[in-house]
Amino acid sequence: MSEHQKYGFTTTILHSDRQKPIEHGSLHKPIHTSVTYGYRDARELASVFQGKQPGYRYGRQGNPTVAALEDKITKMEDGLSTICFSTGMAAIGAVVQALLRAGDHVVSSSFLFGNTNSLWQTVAGQGVDVSFVDATDVSNVEAALTPATRLVFVETIANPRTQVADLKRIGQLCRERGILYVVDNTMTSPYLFRPRAVDAGLVINSLTKSIAGHGNALGGSLTDTGMYDWTRFPNIFDNYKRAAPTQWGMTQIRAKALRDFGGSLGPEAAHHIAVGAETMALRMERECANALAVANMLAADKRVAAVHYPGLAAHPQHAVAAELFSGYGSLLSFELKEGIDCFDYLNRLKLAVPASNLGDTRTLVIPVAHTIFYEMGPERRASMGIAESLIRVSIGIEDTVDLVEDFRQALDA
Ligand SMILES: *Cc1c(COP(=O)(O)O)cnc(C)c1O
């Protein structure tokens, strides 16, 4: 057990800031809005800029309120260090900007959050070759590897069809081959799963979702778990090899992605996210219980054609999810029987809100093919297992009976 795990998940988060002295004994880390910082004298300024002394240089590269949040996420993920970004996409983009070069190859799960899928199409036009594979079986990942493969990218539970990647065996494969394993943990959150346990080197979280949890702040993070040997990564600039090899990756990401591209998290958003994180464990427990109750009700109703939720015994990766996760998450999706219009169904819901966020306290629903997966077209949708009537549900913390009844009554046309 590492030092981080001395206390339970929530205790650790609640008392994280107090491990360092906070101004005026304030119990929340204050929101530091200053963009620039003063020093005792000009020599100290130079020494901070040269990295010879700890300190902040300029808001784009670091901020005390954001650093306090980075510390908490590192503890949540049991990692070495974390860098926060303005959004989850900025965090994923940082992996590309800082670590990939033209001619490199990436193996990605084909079951992906729509915007991440779009990002891989973008980089394909910039000289990075991306192979999409069914990552629920490690053999597909292995078959796609080439000598130029720099990283393997998967989501834990894929948004929106809830396929669970073959997380453990992909981790073993990447470890054997010295390939960086990047896991987007957004759908499980570090409360249900720590990708470090399956040898992931970098962990992505969209803080916008379960960690902030209230749909009132955008943010993203990258955590170095310490499991990857950066001396095996060919794209580290000599400049960043002066530190210990455990720090090479994050030093380069902070400079090449955060500094050069500037997708920095603001201190106000960091504060909202940190407050949200205090109750994440409580929210996740309620959301997992609610999701299972709604999934069970839908699965038992003849008017529903399919329900996708890893907590259901019939889910193809139920056993993997049961082994690796401490809960099945707040994301489910389902398809209505032919003849029931998904827009009419959504309009009959009284509590669930038609909206595109995830991990909110309120239950949100969205017709996937007509909104977030509209731009990619029917062929690519079909290849990702997205039915035209698929409804994605982000389960909130409403009272269970109210929620189950809402999804049931809307089936009565
Ligand atoms: C939402 C989401 C992202 C992107 O996060 P933003 O904060 O919206 O940029 C990335 N991955 C997954 C799995 C997501 O659900």
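Residues numbered from 1 in each chain as written. Predicted model: local features only at pLDDT ≥ 70, side-chain atom pairs only at ≥ 80, totals over all residues. Heavy atoms only, no water.

What counts is decided by this rule: UniProt positions are given in the numbering used here, feature names are shortened, and annotations may be inferred rather than shown by experiment.
With an unreviewed UniProt entry as reference, the protein is termed Cystathionine gamma-synthase family protein, source organism Noviherbaspirillum cavernae. As recorded by UniProt, the Cofactor (unreviewed entry) comment attached to the protein reads in full: "pyridoxal 5'-phosphate". Note on the protein: under the UniProt heading Sequence similarities (unreviewed entry), the record states "Belongs to the trans-sulfuration enzymes family."

1. Re the site of the ligand
Just so we agree on the cut-off: Whether a residue is near a molecule or strand depends on its heavy atoms: if one lies within 4 Å, it is near. Distance and chemistry together define a polar contact, namely a pair of N or O atoms within 3.5 Å, with one atom able to donate a hydrogen and the other to accept it when in protein, and with adjacent residues in sequence counting only for side-chain atoms on both sides. Secondary structure follows DSSP: runs of H or I at least 4 residues long count as helices, runs of E at least 2 residues long count as strands, and numbering of each begins at the N terminus. Three categories are distinguished: nonpolar for Ala, Val, Leu, Ile, Met, Phe, Trp, Tyr, Cys and Pro, charged for Asp, Glu, Lys and Arg, and polar for the others, with Gly belonging to the last.
In the region of the ligand, 15 residues are neighbours, and Gly88, Asp184, Ser206, Thr208 and Lys209 sit closest. Measuring from an oxygen atom of the ligand, one finds a side-chain N or O atom of asparagine 159 at 3.4 Å. The contact in question runs from an oxygen atom of the ligand to an N or O atom on the side chain of threonine 208, over 2.6 Å. Looking at the shell around the ligand element by element, the count peaks at 3 residues for helix α4 (residues 88–99). The residue inventory of the shell around the ligand, partitioned by class, reads 5 nonpolar, 7 polar and 3 charged.

2. Describing unusual backbone geometry
Residues apart from glycine generally show negative phi values, whereas peptide bonds are mostly found in trans. Just so we agree on the cut-off: Think of it in three bands: with a 1.4 Å probe and only protein chains considered, a residue is buried below 20% of the maximum accessible area for its type, exposed above 50%, and partly exposed in between.
Each neighbour pair has its own omega, and for asparagine 159 with proline 160 the value is 10°, a cis peptide bond. Within the element layout of this structure, proline 160 appears in the loop between β4 (149–155) and α7 (167–177). Of note, aspartate 78 is a non-glycine position whose phi angle comes to about 55°, a positive value. Looking at the secondary structure, you find aspartate 78 in the loop between α3 (64–77) and β1 (81–85). Positive phi values are uncommon outside glycine, yet serine 189 reaches one of about 70°. Checked against the element boundaries, serine 189 lands in helix α8 (residues 189–192). Judged by relative accessible area, which is 1%, serine 189 ranks as buried.

3. Quick notes on empty space enclosed by the protein
We apply this condition: Both cavities and pockets are sets of points on a 1 Å grid over the protein atoms alone; in a cavity a 1.4 Å probe fits but cannot get out, in a pocket the set is open with protein on both sides within 12 Å along at least five of seven lines, and lining residues sit with an atom within 4 Å of a point. Grid points are joined across faces, edges and corners, and a volume is the space filled by probe spheres set on the points. Annotation comment: domain bounds sourced from an automatic or database domain assignment.
This model, assessed by the stated rule, comprises 4 cavities of 30 Å³ or more. The calculated volume of the largest cavity comes to roughly 100 Å³. Looking at the lining of the largest cavity, the elements with two or more residues in it are α1 (9–14), α3 and α10 (267–277). Partitioned by chemical class, the residues of the lining of the largest cavity number 8 nonpolar, 3 polar and 4 charged. Computed from the structure, the second largest cavity encloses a volume of approximately 50 Å³. Forming the walls of the second largest cavity are Thr186, Met187, Ser210, Ser330, Leu331, Leu358, Gly359 and Ser394. Of the residues that make up the lining of the second largest cavity, three or more belong to each of domain 1 (9–277) and domain 2 (281–412).

4. Thoughts on the UniProt feature "modified residue: N6-(pyridoxal phosphate)lysine" (unreviewed entry) in the protein
For the record, the criterion: The criterion used for residue contact is that any of the two residues' heavy atoms lie within 4.5 Å.
Cross-referencing UniProt, the feature "modified residue: N6-(pyridoxal phosphate)lysine" (unreviewed entry) maps to Lys209 in the present numbering. Summarising the element assignment, lysine 209 is placed in the loop between β6 (202–206) and β7 (220–224). Setting aside chain neighbours within four positions, we find lysine 209 in contact with Phe113, Thr186, Asn357, Leu358 and Gly359.

5. Comments concerning the pairing of strand β11 (residues 364–367)
Short version of the rule: One bridge is not enough; two strands pair if DSSP finds at least two bridges between them.
Residues Leu364 and Ile366 line one face of β11 and the alternating positions Val365 and Pro367 line the opposite face, and both faces are buried. In this structure, strand β10 (residues 353–354) lies alongside β11, joined through 2 bridges in parallel fashion. Following the sheet pairing, proline 354 is matched in β11 by valine 365. Relative to strand β12 (residues 391–394), β11 is paired through 4 bridges, and the arrangement is antiparallel. Note that in β12 the partner of proline 367 across the bridge is isoleucine 391.

6. Quick word on the layout of surface pockets
Reported here for the largest pocket is a volume of approximately 1,600 Å³. For the lining of the largest pocket, the elements supplying multiple residues, two or more each, are α3, β1 and α9 (248–261). Ranked by the residues each element gives to the lining of the largest pocket, the list is headed by α3, at 7 residues. The residue makeup of the lining of the largest pocket, split by class, is 19 nonpolar, 18 polar and 11 charged. Reported here for the second largest pocket is a volume of approximately 380 Å³. Lining the second largest pocket are 22 residues; nearest its centre among them are Met89, Phe113, Asn115, Ser206 and Lys209. Contributing elements (two or more residues each) for the lining of the second largest pocket: α4 and α5 (114–124). Tallying contributions element by element places α4 first for the lining of the second largest pocket, with 3 residues. Class assignment for the residues of the lining of the second largest pocket results in 8 nonpolar, 10 polar and 4 charged. Both domains that meet at the lining of the second largest pocket, namely domain 1 (9–277) and domain 2 (281–412), each give it at least three residues.

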